[in-house]
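# Summary of the model geometry
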There are 2 protein chains.
Amino acid sequence: MPNIYDISERSGVSIATVSRVLNGSPKVSEATKNKVLAVMDELGYTPNVFARGLGLNTMNTVGIMCSDSSDPFLANAVYYLEQNLRKHGYDSFLCCTGYELQNKKNYLELILTKRVDGLILVGSSLLEPNDEDNLYIKEAASHVPVMLMNGVLKGAGIYSVVCDDCGAVSSVTERLIKSGRKRILYLYTAESGSGLQKLKGYKEALKANGIKCDKDLIRLLPCDIENTRHLLSGLYTSGLRFDAVVCSEDRLAVGAIKAAKDMGLSIPGDLQVVGYNNSLLALCTDPELTSIDNHVETLSATAVKCLTDVFQGKRIPAKTIIQNALVQRETTRFQ
Amino acid sequence: MPNIYDISERSGVSIATVSRVLNGSPKVSEATKNKVLAVMDELGYTPNVFARGLGLNTMNTVGIMCSDSSDPFLANAVYYLEQNLRKHGYDSFLCCTGYELQNKKNYLELILTKRVDGLILVGSSLLEPNDEDNLYIKEAASHVPVMLMNGVLKGAGIYSVVCDDCGAVSSVTERLIKSGRKRILYLYTAESGSGLQKLKGYKEALKANGIKCDKDLIRLLPCDIENTRHLLSGLYTSGLRFDAVVCSEDRLAVGAIKAAKDMGLSIPGDLQVVGYNNSLLALCTDPELTSIDNHVETLSATAVKCLTDVFQGKRIPAKTIIQNALVQRETTRFQ
């Protein structure tokens, strides 16, 4: 089945021009328009299945929603999404919804009134734990395709690109165990979809290696450097012992590195530390932080590729999984 | 002159409801609508000067443009803008334009087709050095008010909220001089409006203290930790001496701290280091980084306050200046 790229190549005009023809833009000359339409006819091209009629409803615009652009992972995701959408000839705009359900609903409604070709929802915190509260997303998917980045929701017209958070944490925990660590502290910040996947990975690795899960070694805490530092120092002072820390976010790991210094523990000798997100923070600490990279660039590029495939009427899987990678620096020493 | 808050208070309904009445929303009951209209009549309220007719053109939506949401300063700004706009009853959406002029123009055009009440342009890199290239912004300001955050452009309907970058760098450079430092390296990343203001501050402080400006001590470089680290180590090895480093961005300062370690220099004894933006990175380094805080939260809140004042027909100054503050940590020791 031919797509917009084939039309562009065969007719010798840019994708933007093909899209202008589809949109009935007056900026295209009559000659160019006729040439493009002739190629479409020749190749048997059917425009975007979501555009009703000859593309007159397509705006070449995608709406993006994220809960909090000040989160470095989400901010990077938004940046790469925009770049990739532009490469594919799509404009985008972003709504930062915050964490309240009613605001998410209002923003989704707002975006739909702006006539977009599709929606990208970034970050698992956009999904509510109670499935009923996500009905408005399913409703939106009956109008335009919805792409979830790092979240999974079943429904017609809903697609997901996720990273393997569970596998990544399981794998690094296993490596810590193999390097001789027995009391591995797990720190996490949220019981969102991806937060729970990471925790699951930690527990799976312990189980697979015959280590009993100690509830004292699993801590849910705010995403804050100083708070983590004080919590860990406090735990240590009160007698709790641990020889490694796996964190669901780099900020927690920075706090752990500072706490180790307070407690007089050497890194990685006495304490190995692993962060998550491979953010800029990992390069600022001394020693530099080993961190799980969720490949936000690949994740974003894949989300855009899948969504534009849907626009072109291609079939894509409902869920695409991206593998994470461990970036080893100075806070770990694996055998 | 009464505004939307007065109407809300007097009629005992929320600002959102007043705004729905202004927008002719069908969600408001006839009784409430009549009450609100009666209060408007009583107080002699004139709606938003930019809404043509009885607010039927106001969408309670503001468009935001920024060049790069992956920049931590811009990402935080966008976050606080959204929060503040929502408090004032406005939705917002963001377009990340990248750095190319043509893309900026396209996005601005896109935003205007979405019917917004106003525009906020975030970051001085949105403005082009050549004034002619900014004509499209002046043109936009003839349709809706334009608020520049950290940029200045003269024109009807254009307003600015800026931080005093020049004053902040001048003041910290002066304090380094007073604490006995004579060879102060200045590192910066961009010759944007705010980049040049910071450089000006550095030069002014040297001049005011009778220190000759040494061109070898002023370096324009990419915004990258490792690159800065290598540059400084290289300069030191080649014989250049410096006893303080002032940076236009925290990432450069992180590189400087790492370079000091490579060179065997103690901080702050041999080398004092100052960053800019007071980002999370400043809390991750060891020693922790002294940094200039440009109060992105205040800057954003002020930008929104000014813009909503304009919506309500109030007169505001074309330029509002926010004072920065120095957050002292472990990389400086002032007398």
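Treat the numbers as computed from the prediction; the structure is a model and nothing was measured. Each residue is numbered by its place in its chain's sequence as written, counting from 1. As they are written, the chains are lettered A onward and the ligands numbered 1 onward, keeping that order. Reporting of local features is limited, given that this is a predicted model, to residues whose pLDDT is at least 70; pairs of side-chain atoms are given and counted only at 80 or more, and all residues count toward the totals for whole chains, interfaces and linings. Neither water nor hydrogens contribute to the side-chain values; these are computed over all heavy atoms in the structure.

### Structural notes on the pairing of strand β6 (residues 184-188) of chain B
Residue and element names in this part refer to chain B. Whether a residue is buried, partly exposed or exposed follows from its accessible area with a 1.4 Å probe, protein chains only, as a fraction of its type maximum: under 20%, in between, or over 50%, in that order. Each helix is a run of DSSP H or I of at least 4 residues and each strand a run of E of at least 2, with the numbering of both proceeding from the N terminus. With 5 of 5 residues buried, β6 lies mostly within the body of the structure. Alternating residues of β6 divide into I184, Y186 and Y188 and L185 and L187, and every residue in both groups is buried. Strands are treated as partners if at least two bridges between them are detected by DSSP. Here 4 bridges tie β6 to strand β8 (residues 244-247), and the two strands are oriented parallel to one another. Looking at the pairing, I184 lines up with A244 of β8. Looking at chain direction, β6 and strand β7 (residues 218-220) are connected through 3 bridges and run parallel.

### Describing the interface of chain A and chain B
We call two residues contacting when some pair of their heavy atoms lies within 4.5 Å. Listed as interface residues are 41 residues of chain A and, on the opposing side, 40 residues of chain B. Together, the buried faces of chain A and chain B total about 3300 Å²; carbon and sulfur atoms form 54% of this surface. Salt bridge criterion: a side-chain nitrogen from Lys or Arg within 4 Å of a carboxyl oxygen from Asp or Glu. Counting across the chain A and chain B interface gives 6 salt bridges. Note that A:E288 is salt-bridged to B:K258, the shortest N-O span being 2.6 Å. Elements represented by at least two residues in the side of chain A that touches chain B include exactly α4 (72-87), β2 (91-96), α5 (101-113), α9 (225-237), α10 (250-263) and α11 (281-284) of chain A. A class-by-class count of the residues in the side of chain A that touches chain B yields 17 nonpolar, 9 polar and 15 charged. As used here, buried area is the combined drop in accessible area, with a 1.4 Å probe, of two parts when they are placed together. Charged means Asp, Glu, Lys or Arg here, nonpolar means Ala, Val, Leu, Ile, Met, Phe, Trp, Tyr, Cys or Pro, and polar covers whatever is left, Gly included.

### Side note on the pattern of salt bridges
Evaluation of the coordinates by the stated rule reveals 31 salt bridges over all chains. A salt bridge links A:D71 to A:R251; its shortest N-O distance comes to 3.8 Å. You can see A:D71 sitting in the loop between β1 (61-66) and α4 and its partner A:R251 sitting in helix α10, a full 180 residues away along the chain. Comparing A:D71 with A:R251 shows no difference in burial state: the two are buried. The closest approach of N and O atoms between B:R229 and B:E226, which form a salt bridge, is 3.3 Å. You can see B:R229 and its partner B:E226 sitting in helix α9 (residues 225-237), 3 residues apart, about one turn around the helix. Classification of B:E226 as partly exposed rests on a relative accessible area of 29%. Among the charged side chains, a salt-bridge network with shared partners connects A:E226, A:R229, A:K258, A:D262 and B:E288.

### Here we look at the sheet that holds strand β9 (residues 272-276) of chain B
All names here are of chain B. The strand order β7-β6-β8-β9-β10-β12 describes an open sheet built from 6 strands, whose pairing is mixed. With one partner strand each, in any of the chains shown, β7 and β12 (325-327) form the two edges of the open sheet. Mean inter-strand twist for the sheet, computed between neighbouring axes without regard to direction, equals 20°. The sheet contact formed by β8 and β9 spans 3 bridges and is parallel. Counted as the bridge partner of V245 is V273 from β9. On top of the sheet, helix α8 (residues 193-208) reaches β6, β7 and β9; it is set at about 170° to β6, its chief contact. In the packing of helix α10 (residues 250-263) onto the sheet, contacts are made with β6, β8, β9 and β10 (290-293), and the angle to β9 comes to roughly 155°. Every axis corresponds to a line fitted to the C-alpha atoms, with the helix fit spanning only the stretch in contact, and the corresponding angles, defined between N-to-C directions, vary from 0 to 180 degrees.

### Some details on α4(A)
In an α-helix, one full turn covers 3.6 residues, which means residues spaced three or four apart are oriented alike. All names here are of chain A. Relative to the 22 Å expected for 16 residues at 1.5 Å per residue, α4 spans 23 Å between its end C-alpha atoms, a close match to the ideal helical length. In this structure D71 caps α4, since a side-chain oxygen of it lies 2.9 Å from the backbone nitrogen of F73. Just downstream of α4 lies G89, where phi reads positive at about 85°. Expected span of a helix, by definition, is 1.5 Å for each gap between consecutive residues, and there is one gap fewer than residues. Here a polar contact means two N or O atoms within 3.5 Å. Within protein one must be a hydrogen donor candidate and the other an acceptor candidate, and residues neighboring in sequence count only if both atoms are side-chain atoms.

### Focus: the packing of aromatic side chains
Residue and element names in this part refer to chain A. Note on ring pairs: Phe, Tyr and Trp rings are taken, using the six-membered ring of Trp, and paired if centres are within 6.5 Å. Classes follow the plane angle, with under 30 degrees stacked, over 60 edge-to-face and the rest tilted. Within this structure, the stated rule accounts for 11 aromatic pairs over all chains. Seen from their ring centres, Y79 and Y80 are 5.3 Å apart, and the 70° between their planes marks the pair as edge-to-face. Y79 gets classed as buried once you look at its relative accessible area, which sits at 19%. Its relative accessible area of 22% is what places Y80 among the partly exposed residues. Where Y90 meets F311, the ring centres are 5.1 Å apart and the plane angle is 35°; that geometry is what we call tilted. Within this pair, whereas Y90 is found in the loop between α4 and β2, its partner F311 is found in helix α12 (residues 296-311), the two being separated by 221 residues in sequence. For F311, a relative accessible area of 1% puts it in the buried group. Among the aromatic residues, those joined into a ring-pair cluster are Y186, Y188 and Y202.

### What about the domain arrangement of chain A?
A domain assignment, automatic or from a database, supplies the domain bounds used here. By the assigned domains, chain A splits into domain 1 (4-56), domain 2 (61-163 + 296-323) and domain 3 (165-294). Using only C-alpha atoms to locate each centre, domain 1 of chain A and domain 2 of chain A end up separated by 26 Å.

### Looking at the side chain of B:S11
All names here are of chain B. Relative to the elements of secondary structure, S11 occurs in helix α1 (residues 4-11). Side-chain polar atoms of S11 contact the backbone oxygen of I7, separated by 2.5 Å. When near neighbours in sequence (up to four residues on either side) are disregarded, S11 contacts K35, V36 and V39.

### Side note on the relation of the copies chain A and chain B
One copy of the chain maps onto the second through a rotation around an axis plus a translation along that axis. The operation relating chain A to chain B is a screw motion whose rotation component is 180°, with 0.0 Å of axial translation and a residual RMSD of 0.1 Å. On the angle and the small slide along the axis, the relation comes out as a two-fold axis. Both copies contact each other with a shared surface, as 98% of the interface residues of chain A are interface residues in chain B too. Alignment of copies: least-squares fit on C-alpha atoms of residues with pLDDT of at least 70 in both copies.

### Digging into the sheet that holds strand β9 (residues 272-276) of chain A
All names here are of chain A. Pairing is mixed across the open sheet formed by 6 strands, whose spatial order is β7-β6-β8-β9-β10-β12. The open sheet is flanked by β7 (218-220) and β12 (325-327), the only strands paired with a single partner. Between one strand axis and the next, the sheet turns by 20° as a mean value, whatever way the strands run.

### A short note on the side chain of B:S8
All names here are of chain B. Mapped onto the elements, S8 comes out in helix α1. Here V13 takes part through its backbone oxygen, which lies 2.7 Å from a polar atom of the side chain of S8. Sequence-distant contacts of S8, defined by excluding residues within four places in its chain, comprise V13, S14, I15 and V18.

### Notes on unusual backbone geometry
At the junction of A:I267 and A:P268, the peptide bond is cis and its omega measures out at 5° in the coordinates. Residue placement: A:P268 occurs in the loop between α10 and β9. Note the cis peptide between B:D286 and B:P287, where omega equals 5°. Even without being a glycine, B:N150 presents a positive backbone phi close to 65°. Along the chain, B:N150 turns up in the loop between β4 (146-149) and β5 (158-163). One non-glycine residue, B:N277, adopts positive backbone phi at about 110°. Checked against the element boundaries, B:N277 lands in the loop between β9 and α11 (281-284). Residue class for B:N277 comes out buried when judged on its relative accessible area of 15%.

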